[in-house]
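Fold and contact review
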Amino acid sequence: MKVVVAGQGYVGLALAVRAAEAGHRVVGYDVDQHRIKMLTLGDSYVQDVSPERLRAVLDSGAYSATADATELAGFDLAVITVPTPLRDGAPDLSFIESCARTLGGHLRADAAVVLESTSYPGTTREVLVPILEEASGLKAGDFLVGFSPERITPGSRRFSFEETPKLVAGIDPRSLGVIKGFYDTVFGVTVQVSSLEVAELAKLLENLYRFVNISVINEVATLARSLGVDIWEAIDAAATKPFGFTRFTPGPGVGGHCLPVDPLFLSWKMQEELGRPLRFVELANDVNNHMPDYVVQRLVEALHRRHRTVSGSRILLLGLTYKINATDLRNSPSTRVAELLINLGADVRGAEPNIPNSDGAELNVPLVDATPGEIAGADAVVLLMDHSRFDLEAVQENASYVLDCRNRLSGANVEVL
Ligand code: SAJ
């Protein structure tokens, strides 16, 4: 099929390259000219798409990248993989809307448009379809429409892109048939559901589940600490139960552009529909958002025991991106920890091997390498993200004090969160 993938970020590029490898003729469309320039040169900026794979589909002619919407003409199937951020707690669908207008201008009868971007139940039917109809002069049914949530886990070594089952929904049986037929050529397993809204809600359930359950563990971790009980051992013990329990671990907060964001789509829709908040999301948000404060509170206590104050102390933060081995800084709790410590007058430095030190400009802390000297020179080290690139032995040996938020270290100089 002639396939357009609109939005060439970590979701769209992975899908575009995979579809090209599966034999489709794919046009990767993005409004960001710099991205298109890099893609055309074969430079992949997406962790899970290697330059070799990108160059192979470029060379074969199966994939091309463009910012020129006229090159979208004649597509059989277009997938929308653009961001759906929140603006002051409300969904910002402007990227979907502008993309729909662009695609609608090239939408022909019997061609399909699939939304992959995460949003509240009803978005495809109530927002996307009317714009496509208006821009194309056609009616849904003349063209095909579907929703298929992305399930990419950046940097995951366990679950590959194509092996993760893919939910597929269509606005009508014909849409479902054609769209499922496309995804069957790209993914090992596709799972069809009976409506667009079921697929939209399923996606939000996946991340609501994680977000709330991580917040439960975070809150109980603060109690366990006060009781002098090792929460990490208690979690491992609970996890020996082979059913009915999923292992989540405490941390300095919940970052990224999925977990802290997706549940808020549901919260917003609940308020819209029923006039009251989705209380679990509000509570989980509050607990998770206060974990950076809890990290700082633990540091204040630890330094106090050493007759030091945070003010004037040198503190080395290990791991500034939002999760282990991630390269993304979005909503990272680490930057909140840094901000709180700087406000208390600490000399804060950050070690983040997953981003170039030059990217430190956008961060609020100077970036250093986690050398034995930097570790030994700090009054306190905080292990926030236990990236594989860190030499944890060197941390354990050289730090005078470590607050270990990931339970990876041991020793008299180590305290766990
Ligand atoms: N976190 C904890 N404790 C945990 C798990 C996570 O504190 O037990 C924190 C992480 O440090 C991070 C945040 O939560 O700051 C989010 O971590 P995550 O493991 O959920 O990773 P994400 O945000 O990349 O979530 C994605 C999601 N994938 C999609 O939305 C397609 C999620 O559904 C996946 O389950 C998750 O990856 C995954 O399993 O890696």
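Residues numbered from 1 in each chain as written. Predicted model: local features only at pLDDT ≥ 70, side-chain atom pairs only at ≥ 80, totals over all residues. Heavy atoms only, no water.

**Points about the overall build of the protein chain**
The following threshold applies: Strands are runs of DSSP state E lasting at least 2 residues, helices are runs of H or I lasting at least 4, and numbering of each runs from the N terminus. Put simply, the radius of gyration uses C-alpha atoms, and a globule should come to 2.2 Å times the residue count raised to 0.38. For the exposure calls, accessible area comes from a 1.4 Å probe over protein chains only, and a residue counts as buried if that area is under 20% of its type's maximum, exposed if over 50%, partly exposed in between. The contact criterion used is simple: two residues touch if any of their non-hydrogen atoms lie within 4.5 Å. All accessibility values rest on the Shrake-Rupley procedure with a 1.4 Å probe; residue burial counts only the protein chains present in the view. We treat Lys and Arg as the positive residues and Asp and Glu as the negative residues; His and chain ends play no part in the count. Think of each charge as sitting on NZ of Lys, CZ of Arg, CG of Asp or CD of Glu.
Counting secondary structure elements, the protein chain contains 14 helices and 15 strands. For 417 residues, the compact-globule estimate of 2.2 N^0.38 gives 22 Å, and the C-alpha radius of gyration of the protein chain, at 24 Å, lies within 12% of that figure. In terms of overall dimensions, the protein chain has a C-alpha envelope of 75 × 50 × 40 Å along the principal axes. In the protein chain, which comprises 417 residues, the proportion classed as buried is 52%. In the protein chain, of all internal contacts separated by at least 6 residues, the share reaching a separation of at least 24 is 69%. Carbon and sulfur atoms provide 53% of the accessible area of the protein chain, an area that totals close to 18100 Å². Side-chain charges in the protein chain split into 38 positive and 53 negative, and the spacing between the mean points of these groups amounts to 2 Å.

**Observations regarding the pairing of strand 12 (residues 347–351)**
Let me state the cut-off plainly: Two strands pair under a simple rule: DSSP has to find at least two bridges between them.
In this sheet, strand 12 lies alongside strand 11 (residues 314–318) in parallel orientation, the contact comprising 5 bridges. If you follow L317 over to strand 12, its bridge partner there is G350.

**Considerations on the site of the ligand**
Inclusion rule: If a single non-hydrogen atom of a residue is within 4 Å of a molecule or strand, that residue counts as near it. Polar contact is the term for a pair of N or O atoms within 3.5 Å; when the atoms are in protein, one must be able to donate a hydrogen and the other to accept it, and sequence-neighboring residues count only if both atoms are side-chain atoms. Two kinds of site are reported from a 1 Å grid over the protein atoms alone, namely cavities, where a 1.4 Å probe fits but cannot get out, and pockets, open sets with protein on both sides within 12 Å along at least five of seven lines, and residues are called lining when an atom falls within 4 Å of a point. Pocket occupancy is defined atom-wise: a molecule lies in a cavity or pocket when more than half of its atoms are within 2 Å of its grid points. Throughout this entry, Asp, Glu, Lys and Arg are counted as charged residues, while Ala, Val, Leu, Ile, Met, Phe, Trp, Tyr, Cys and Pro are counted as nonpolar. The remaining residues, Gly among them, count as polar. In this entry, domain limits derive from an automatic or database-based domain assignment.
Neighbouring residues of the ligand: 19 residues in total, closest T153, K203, N207, T249 and Y322. For the ligand, an oxygen atom lies 2.5 Å from a polar atom in the backbone of Y322. Between the ligand and K323, the relevant distance is 3.1 Å, taken from an oxygen atom to a side-chain nitrogen or oxygen of the residue. Here the ligand occupies the largest pocket. For the shell around the ligand, the class distribution of residues is 8 nonpolar, 5 polar and 6 charged. Counting residues domain by domain, the shell around the ligand receives three or more from each of domain 1 (2–194) and domain 2 (282–416).

**Quick look at the domain arrangement of the protein chain**
What counts, and what does not: Note on definitions: buried area is the accessible-area loss of two parts on being combined, 1.4 Å probe, summed for both. By definition here, a salt bridge exists when the distance from a side-chain nitrogen of Lys or Arg to a carboxyl oxygen of Asp or Glu is within 4 Å.
What the domain assignment lists for the protein chain is domain 1 (2–194) and domain 2 (282–416). The distance between the C-alpha centroids of domain 1 and domain 2 comes to 38 Å. Taken residue by residue, the interface counts 5 residues in domain 1 and 5 residues in domain 2. For the pair domain 1 and domain 2, the summed buried surface comes to about 320 Å²; carbon and sulfur atoms form 34% of the total. For the interface between domain 1 and domain 2, the tally reads 0 salt bridges. Inspection of the domain 1/domain 2 interface yields 1 residue pair in polar contact (both at pLDDT 80 or more). Looking at the side of domain 1 that touches domain 2 residue by residue, the class counts come to 2 nonpolar, 2 polar and 1 charged.

**So, the sheet that holds strand 13 (residues 380–383)**
Formally: Every angle, taken between N-to-C directions, lies between 0 and 180 degrees, and every axis is a line fitted to C-alpha atoms, over only the stretch in contact when it is a helix.
Across the sheet, 5 strands lie side by side as 12-11-13-14-15; this open sheet has parallel pairing. If you trace the sheet from one side to the other, it starts and ends with strand 12 and strand 15 (414–416), each paired once. Within the sheet, the average angular offset between the axes of one strand and its neighbour, ignoring direction, is 20°. Note: strand 13 against strand 14 (residues 402–404), 3 bridges, orientation parallel. For L383, the partnering residue across the bridge sits in strand 14 and is D404.

**Some thoughts on the nonpolar core**
Put simply, the rule reads: For the purposes of this section, nonpolar cores are sets of buried Ala, Val, Leu, Ile, Met, Phe, Trp, Tyr and Cys residues that join through side-chain atoms within 4.5 Å.
Counting residues in each nonpolar core, the largest one holds 57 residues, and the members touching the most others are V4, F75, I80, L103, V113 and L128. Element by element, the count of residues in this core is highest for helix 7 (residues 196–227), at 10 residues. When residues no more than four places from it in sequence are discounted, the contact partners of V113 are F75, A78, I80, L103, L107, L128, L132, L144, V145, G146 and I179. Judged by nonpolar contacts, the second largest core, of 34 residues, contains V5, A14, Y63 and V79.

**Points about the side chain of N325**
For N325, the location among the structural elements is in the loop between strand 11 and helix 12 (333–343). A distance of 2.7 Å separates the side chain of N325 from the backbone nitrogen of S388, its partner in a polar contact. Ignoring any residue separated from it by four or fewer positions in sequence, one finds N325 in contact with Q47, R157, N354, H387 and S388.

**Details of unusual backbone geometry**
The residue N325 is not glycine, and still its phi comes out positive at about 60°. Here the phi dihedral of N331 falls at roughly 55°; this positive angle occurs in a residue that is not glycine. The residue N331 is located in the loop between strand 11 and helix 12 in this model.

**A short note on the state of the cysteines**
By definition, a disulfide links two cysteine residues through a covalent bond between their sulfur atoms. To keep it simple, the criterion reads: Throughout, a disulfide means two cysteine sulfur atoms within 2.5 Å of one another.
All told, the structure shown has 0 disulfides when counted by the stated rule. Take C99: it sits in no disulfide, and the sulfur closest to it among the cysteines is that of C258, at 19 Å. Its relative accessible area of 7% is what places C99 among the buried residues.

**Some thoughts on a nonpolar patch on the surface**
As a reminder, the rule being used: Two distance rules govern patches: like charges are joined within 9 Å, and nonpolar side chains (Val, Leu, Ile, Met, Phe, Trp, Tyr) within 5 Å, applied only to residues with over 30% relative accessible area and no salt bridge.
Together, L223, L227 and V229 give the surface a local cluster of nonpolar side chains, amounting to about 290 Å² of exposed area. You can see L227 is positioned in helix 7. On the accessibility criterion, L227 (57% relative accessible area) is exposed.

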